[in-house]
Amino acid sequence: MTTPSASSRKALSKIASNRLQKELVEWQVNPPHGFKHKVTDNLQKWVIEVNGAPGTLYAGEMYQLQVDFPEHYPMEAPQVIFVPPAPQHPHIYSNGHICLDILYDSWSPAMTVSSVCISILSMLSSSPAKQRPADNDRYVKNCKNGRSPKETRWWFHDDKV
């Protein structure tokens, strides 16, 4: 099964559209520190620049997140991936998929794009070493043909990094 392409993806519901417009306005007024939303005309797909926090292994480095919002956001979590090259981190695969419980099982409609970004930066900042997950090669090989990380059955067992 593959991720729906931008042209075949269902349009946002009215609730999702209103929520995202509200979040975008809030982001423009009070953006989370270390992030920059790259403005496009597509409310359903955001590209966000992530700057590594000072004093961490990722200080001075810049990455990009792609956030794809489903039809029923915020009742359903967005798909969030790093646009390759993804940072080397024990919970970030080389294809950009992120193993972080709030993106899947622990998602709550109360979360926002800003809170997700802050959680991702916190995860990066707490890492003691730049390394890929032990199963990176196998996982990436099994994700061919555009498989969504939301189709993965994640095992959340390590909250130290």
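Residues numbered from 1 in each chain as written. Predicted model: local features only at pLDDT ≥ 70, side-chain atom pairs only at ≥ 80, totals over all residues. Heavy atoms only, no water.

For the protein chain, the name recorded in an unreviewed UniProt entry is E2 ubiquitin-conjugating enzyme, with Erythranthe guttata as its organism. UniProt annotates the protein chain under Function (unreviewed entry) with the comment "Accepts the ubiquitin from the E1 complex and catalyzes its covalent attachment to other proteins." (UniProt positions renumbered as here; feature names shortened; annotations may be inferred.)

Draft legend 1. Region of the structure containing the side chain of serine 127. Checked against the element boundaries, serine 127 lands in the loop between helix H2 (113-125) and helix H3 (136-142). Exposure remark for serine 127: the relative accessible area of 6% places this residue in the buried category. Among the polar contacts listed, one links the side chain of serine 127 to the backbone oxygen of alanine 129, at a separation of 2.7 Å. (Helix = DSSP H or I, 4+ residues; strand = E, 2+ residues; numbered from the N terminus. Buried < 20%, exposed > 50% of the residue type's maximum accessible area, 1.4 Å probe, protein only. Polar contact = N/O pair within 3.5 Å; in protein donor to acceptor, adjacent residues only side chain to side chain.)

Draft legend 2. Structural detail: unusual backbone geometry. Here the bond from tyrosine 73 into proline 74 is cis, since omega is 5 degrees, no more than 30 degrees from zero. The residue proline 74 is located in the loop between strand S3 (62-68) and strand S4 (79-83) in this model. Cis rather than trans, the peptide bond between proline 84 and proline 85 has omega equal to 10 degrees. Tracing the backbone shows proline 85 in the loop between S4 and H2.

Draft legend 3. Region of interest: the pattern of salt bridges. This model, assessed by the stated rule, comprises four salt bridges. For lysine 45, the salt bridge goes to aspartate 68, with nearest N and O atoms at 3.9 Å. Pair noted here: lysine 45 is in strand S2 (residues 45-51) and aspartate 68 is in strand S3, with a separation of 23 residues, a long-range link. On the accessibility criterion, lysine 45 (25% relative accessible area) is partly exposed. When its relative accessible area of 11% is taken as the criterion, aspartate 68 is described as buried. Taking the shortest distance from any N to any O, the salt bridge between aspartate 135 and arginine 138 comes out at 3.2 Å. (Salt bridge = Lys/Arg side-chain N within 4 Å of Asp/Glu carboxyl O.)

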